[in-house]
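The primary structure of each chain is shown beneath.
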Amino acid sequence: MDTMIVYVDEAAYALKMLTPMLPSSQPGTPTRWIVVGCAPRITHHASKWVTKSARESWRGKWAEKVFEQVVPLLQVPGDSVITQIARGPLCELTDSLLAQHGGGRVFDARRPKFGQDLPPVTRQQPHEEQGVWGYAAALAGAGVLVAAD
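Residues numbered from 1 in each chain as written. Predicted model: local features only at pLDDT ≥ 70, side-chain atom pairs only at ≥ 80, totals over all residues. Heavy atoms only, no water.

Colleague: Residue-level account of the sheet that holds strand E2 (residues 31-37), with values.
Modeller: Here four strands make up an open sheet; going across it, the order is E3-E2-E1-E4 and the pairing parallel. Edge positions in the sheet fall to strand E3 (80-85) and strand E4 (105-109), since each has one partner strand and no second. Taking the axes of each pair of neighbouring strands and ignoring which way they run, one obtains an average angle of 20 degrees across the sheet. Bridge count for strand E1 (residues 2-8) against E2 is seven bridges, and the pairing is parallel. Each bridged residue has a counterpart across the sheet, and for Val8 the counterpart in E2 is Gly37. Against the sheet, helix H3 (residues 52-74) engages E1, E2 and E3, with an angle of about 160 degrees to E3. (Pairing = 2+ DSSP bridges. Helix = DSSP H or I, 4+ residues; strand = E, 2+ residues; numbered from the N terminus. Axes fitted to C-alpha atoms, helices over the stretch in contact; angles between N-to-C directions. Contact = heavy atoms within 4.5 Å.)

Colleague: Which residues make up the pattern of salt bridges, and what are the values?
Modeller: Taken as a whole, this structure holds five salt bridges when the rule is applied. With a closest N to O distance of 2.8 Å, Arg105 and Asp2 form a salt bridge. Of this pair, Arg105 sits in strand E4 while Asp2 sits in strand E1, placing them 103 residues apart in sequence. Judged by relative accessible area, which is 45%, Arg105 ranks as partly exposed. (Salt bridge = Lys/Arg side-chain N within 4 Å of Asp/Glu carboxyl O. Buried < 20%, exposed > 50% of the residue type's maximum accessible area, 1.4 Å probe, protein only.)

Colleague: Describe H3, listing the residues and the values that go with them.
Modeller: End to end, H3 covers 32 Å across 23 residues, agreeing with the expected 33 Å (1.5 Å per residue, within 8%). Of all the bends in H3, the greatest, near 35 degrees, is centred on Phe67. Against the buried residues of H3 lie E1, helix H1 (11-18), E2 and E3. (Expected span 1.5 Å × (residues − 1). Bend = angle between axes of the 7 residues up to and from the residue.)

Colleague: Summarise H1; cite the residues concerned and give the values.
Modeller: By the burial criterion, the buried members of H1 are Ala11, Ala14 and Leu18. Relative to the axis of H1, the buried residues are bounded by an arc of 65 degrees and lie together on one face. Tucked inside the fold, the buried residues of H1 contact E1, E2, H3 and E4. (Arc of directions from axis to C-beta.)

In structure tokens:
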């Protein structure tokens, strides 16, 4: 059985990323899909006013909404789908899932966000930091577009 670990933070973006991958899978080889939901971070200001149980409840409801949209696409006869919510460092979670399920492939279907560096999901994945120069380049590009009009 082929194992595929997919990290998701937004259903619409993940569906765009996963749809081209489905026809390429072998029809005779069953796939075990492990969908890991990476809930958006709660700001420090908001987390001061919300209890830990309320945050966990919110993460659970968020994950249900995302999984309701993503899982039906992956439920092909013969394939199995396992859902999980990410807690803690993603590299450690990936290592434990690979050890638990005997290896597999890892796919990062999280939507990149401007101004936020996404943590890598494997130790081999390069960690890209945009830093100050990335923001300066984006601002300069926007300035050129405004000046061109």
